[in-house]
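Chains, contacts and geometry: an overview
The chain contents come next:
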Amino acid sequence: MSRIGWNGQILWVDLSSGEHRTDSLDGETYRQFIGGKGLGAYLLYRHLGANIDPLSADNILILLSGPLQGLPGPSVGRWSVVTKSPLTGIFLDSHCGGATGRDIKKAGYDAICIKGACSEPSILVIDNNEVSIRPASKYWGKGVYATTNLLHEGYGDGFSVYAIGPAGENKVRYATACCEIAHQTGRGGIGAVLGSKKIKAIVVRGTNSVPAHDIDLIRSINRKYIADWKTLDIDFKKYGTRHLVEIANHVGQFPTRNWQNGYFDEFEELSHIKMEQEYGVGNHHSCPHCVMRCTHAFSIPDPNDGSRRVESMIEYETLGLLGGNLGISDPLAVLQLNYICDDLGLDTISAGAVIGFAMEAYERGMLSKSEIGFEIGFGDANAAAKMVSLISSRSDIGDTLAEGVRRAAEMLGKGTGELAVHVKGLEVPAWDPRGRLGQGLLYATGDIGASHLRGWPPTSDPPDRPAVDFVEKLLSSRFEKTLKDSMIICHFTNRVPITMEQMRALLNGATGADYTLSDLETAARRIETLIRLFNIREGISRRDDTLPPRLWEPQTHGPRKGMRSFVSKDDFEESLSRYYQLMGWDSMGIPKEDTLKQLGLASQ
Ligand code: SF4
């Protein structure tokens, strides 16, 4: 079956048996769940049983393109991966650039669902409709960069490469998988799921054309988008996300010394201008056909071999977690930590959170030098690099920290839970909710845990007034993100910005469907509600929609001194109840029967 916009074909690969088959879904299912995150949620909910160990062969990893992928739309070159997270034990979606999404679409699939596990290290090769599993022992143990380069030498540039590093092989619960060197599906341990299946890399080639219902409409929206982009005079254009260090710091949101504060006194050392001048090589490695090209490379001495130079592709989140959160202000040290994490295949957000946790535990005497093996105070970049290596190889204390901050605190005890900054097991990204009204609610209710990509407060005001009056706006923002992750439009299109009406036109132009704006809101609500059902099935309830102790403590320094994430616990509880009410969920966060019926989920 072939459709416009959607291919109408799902590829299923069983690594245990080596068999594969294609499946199709009815048109109404595509219409309801769109693609990317939404379609992934549908497939995972339908096909993964409850309480499956995410690192067992039974877990399913789903790679998804979206209805706009392969078309000349604005910033639509990204793609999605959905699975059950080994870090949180709940739903996970993560998104990245690189050519794999385009190749999945051009090979004729909307999704590739991978289940089972290989008996030996392997590579999954998908060459249009040919699927094979090949031995990968010679790549096992190698970093992401070497693996990707070797696979390109072997298969040619016509194939895209999505690979894991040693951290994924060792099932570090926050291991990444990397597409084409520069783009990670970073959060929640997708690399560990691939490692548990003994898949070192997925190599894809797709050569079919991608038709659209109204290509002229898509082109015209893209032309306007590019024209609008060209008129902008914003730092994002020149510096990508790195300019956010200064912005976040000035509103008390820059994570500092394991979130003890949101203001880093030495932030100017990590300034985007300085970094660009000293190490910048121009922006490249960006997502296919994106005019914004925000992925910048920096040339640095190889931390493993100072005689040669390598490229480090760093983003704001990493500057926050491996910089301020570790008390490290040396930009070269942070660039090198970023390079090491990317090559080993570690999420820089979680790695920075876990190491910051260890640094504070050490400084407070909760972890001793003999337990760690060396001294590890804030600001010590060498100790941080040593710890990254131990985590990746799961050696010594690194084996405990490889479990993520929630499990590590449970294993270490001694009150370290007070220092563990996470929501539902996912470490908090580089935006301290004590600096911005409403951010705390978006973190607490995040379907994957704390994520800055599950909605964004439409204000830079501090949380010095009740959030409860603001919940409706937060929810609109969440729905917009859900739609972007399902249509697969980059979140940074908010810089131009792209409107909901343009998004609607793009989706209809691609698929020939007749979505209204109201249909889109319903689709977002449906997708969020189905994910809630998945998470409830895995044991999530109202008590998990909360913030860690650290984020209830007042900041002690900087522009948000004295601020907590909410003005009071009562305000938080009222805001949470209001959120549930607006979603059509009951007071415990369980979707009501009426809501399920309205969304067509009653039979799920
Ligand atoms: S803005 Fe950046 S992340 Fe988004 S599609 Fe473009 S290059 Fe990729």
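These numbers were taken from a predicted model, which means no experiment stands behind them. (Residues numbered from 1 in each chain as written. Predicted model: local features only at pLDDT ≥ 70, side-chain atom pairs only at ≥ 80, totals over all residues.)

Summing up its helical and strand segments, the protein chain has 23 helices and 17 strands in all. Its C-alpha atoms give the protein chain a radius of gyration of 22 Å, within 12% of the compact-globule value 25 Å for 604 residues. Over its C-alpha atoms, taken along the principal directions, the protein chain stretches across nearly 60 × 55 × 50 Å. The 604 residues of the protein chain split such that 57% are buried. Sequence separation of 24 or more characterises 70% of the internal contacts of the protein chain that already satisfy a separation of 6 or more. (Helix = DSSP H or I, 4+ residues; strand = E, 2+ residues; numbered from the N terminus. Rg over C-alpha atoms; globule rule 2.2 N^0.38 Å. Buried ≥ 20, exposed ≤ 12 C-beta atoms within 10 Å, placed from the backbone. Contact = placed C-beta atoms within 7 Å.)

Right, let's talk about the sheet that holds strand E10 (residues 177-179) for a bit. Taken in spatial order, the six strands line up as E8-E7-E12-E9-E10-E11 in an open sheet, and their pairing is mixed. The open sheet has two edge strands with one neighbour each: strand E8 (130-135) and strand E11 (183-185). Here the average twist between neighbouring strands, direction ignored, is 20°. Against the sheet, helix H4 (residues 144-155) touches strand E9 (160-163), E10 and strand E12 (199-205), its axis set at about 150° to E9. (Pairing = 2+ DSSP bridges. Axes fitted to C-alpha atoms, helices over the stretch in contact; angles between N-to-C directions.)

What follows deals with the environment of Arg406. With respect to the helices, strands and loops of the structure, Arg406 is situated in helix H17 (residues 405-412). Distance in space between the C-alpha atoms of Arg406 and Gly252 is 25 Å, their sequence separation being 154 residues. Dropping the residues within four chain positions of it, Arg406 is found in contact with Ala420, His422 and Gly425.

When the domains of the protein chain are assigned, the result is domain 1 (10-205), domain 2 (234-420) and domain 3 (427-598). Distance between the C-alpha centres of domain 2 and domain 3: 26 Å. Of the residues lining the interface, 30 residues belong to domain 2; the matching set on domain 3 comes to 23 residues. Where the side of domain 2 that touches domain 3 is concerned, the elements lending two or more residues are helix H9 (244-250), helix H11 (316-323) and helix H13 (348-363). (Domains from an automatic or database assignment.)

In this section: the site of the ligand. Near the ligand, the surroundings consist of 13 residues, among which Ser286, Cys287, Cys290, Cys294 and Cys490 are the closest. Partitioning the shell around the ligand into residue classes produces six nonpolar, five polar and two charged. Viewed by domain, the shell around the ligand spans two of them, domain 1 (10-205) and domain 2 (234-420), each represented by three or more residues. (Near = placed C-beta within 6 Å. Nonpolar A, V, L, I, M, F, W, Y, C, P; charged D, E, K, R; others polar.)

The next thing to look at is the packing of helix H19 (residues 471-487) against helix H21 (residues 517-537). Each pair of packed helices can be described by the angle between their axes along with the distance between the axes. Two elements in contact, H19 and H21, have axes separated by 9 Å at closest approach and are oriented at 85°. One way to sum up the angle between H19 and H21 is to call them roughly perpendicular. For the pair H19 and H21, the contacting residues are Phe479, Thr482, Leu483 and Ser486 in the first and Leu520, Glu521, Ala523, Ala524, Arg525, Ile527 and Glu528 in the second. (Parallel < 35°, antiparallel > 145°, perpendicular 65-115°, else oblique.)

If you look at the biggest cluster of nonpolar residues, it comprises 174 residues, and the most contacted ones within it are Ala41, Ile62, Ile112, Ala201, Leu346, Ala358 and Val388. Considering each element in turn, this core owes the most residues, 10 residues, to H13. Dropping the residues within four chain positions of it, Val388 is found in contact with Leu337, Ile340, Cys341, Leu344, Leu346 and Ala351. (Core = buried A, V, L, I, M, F, W, Y, C linked by C-beta atoms within 7 Å.)

Our next topic: the sheet that holds strand E4 (residues 79-84). If you trace the six strands from one edge of the open sheet to the other, you get E2-E1-E6-E3-E4-E5, paired in mixed fashion. Each having just a single partner strand, strand E2 (19-23) and strand E5 (91-96) make up the two edges of the open sheet. Strand-to-strand twist in this sheet, taken as the mean axis angle between neighbours without regard to direction, amounts to 15°. Strand contacts of helix H2 (residues 36-47): strand E3 (61-64), E4, E5 and strand E6 (111-115), with the helix running at about 25° to E4, the strand carrying the most contacts.

Turning next to the pairing of E9. What you see with E9 is no split at all: Ser160 and Tyr162 on one side and Val161 and Ala163 on the other are buried throughout. One ladder, built from four bridges, connects E9 with E12; its direction is antiparallel. Each bridged residue has a counterpart across the sheet, and for Ser160 the counterpart in E12 is Val204. Bridging between E9 and E10 involves two bridges; their strand directions are antiparallel. Paired with Ala163 across the strands is Cys178, a residue of E10.

Here we come to the packing of H2 against H19. The N-to-C vectors of H2 and H19 enclose an angle of 80°; their axes lie 4 Å apart at closest approach. With respect to each other, H2 and H19 are oriented roughly perpendicular. Residues Gly36, Lys37 and Gly38 of H2 form the contact with H19, whose participating residues are Thr482, Asp485, Ser486 and Met487. For the contact of H2 with H19, the per-class residue count stands at one nonpolar, four polar and two charged.

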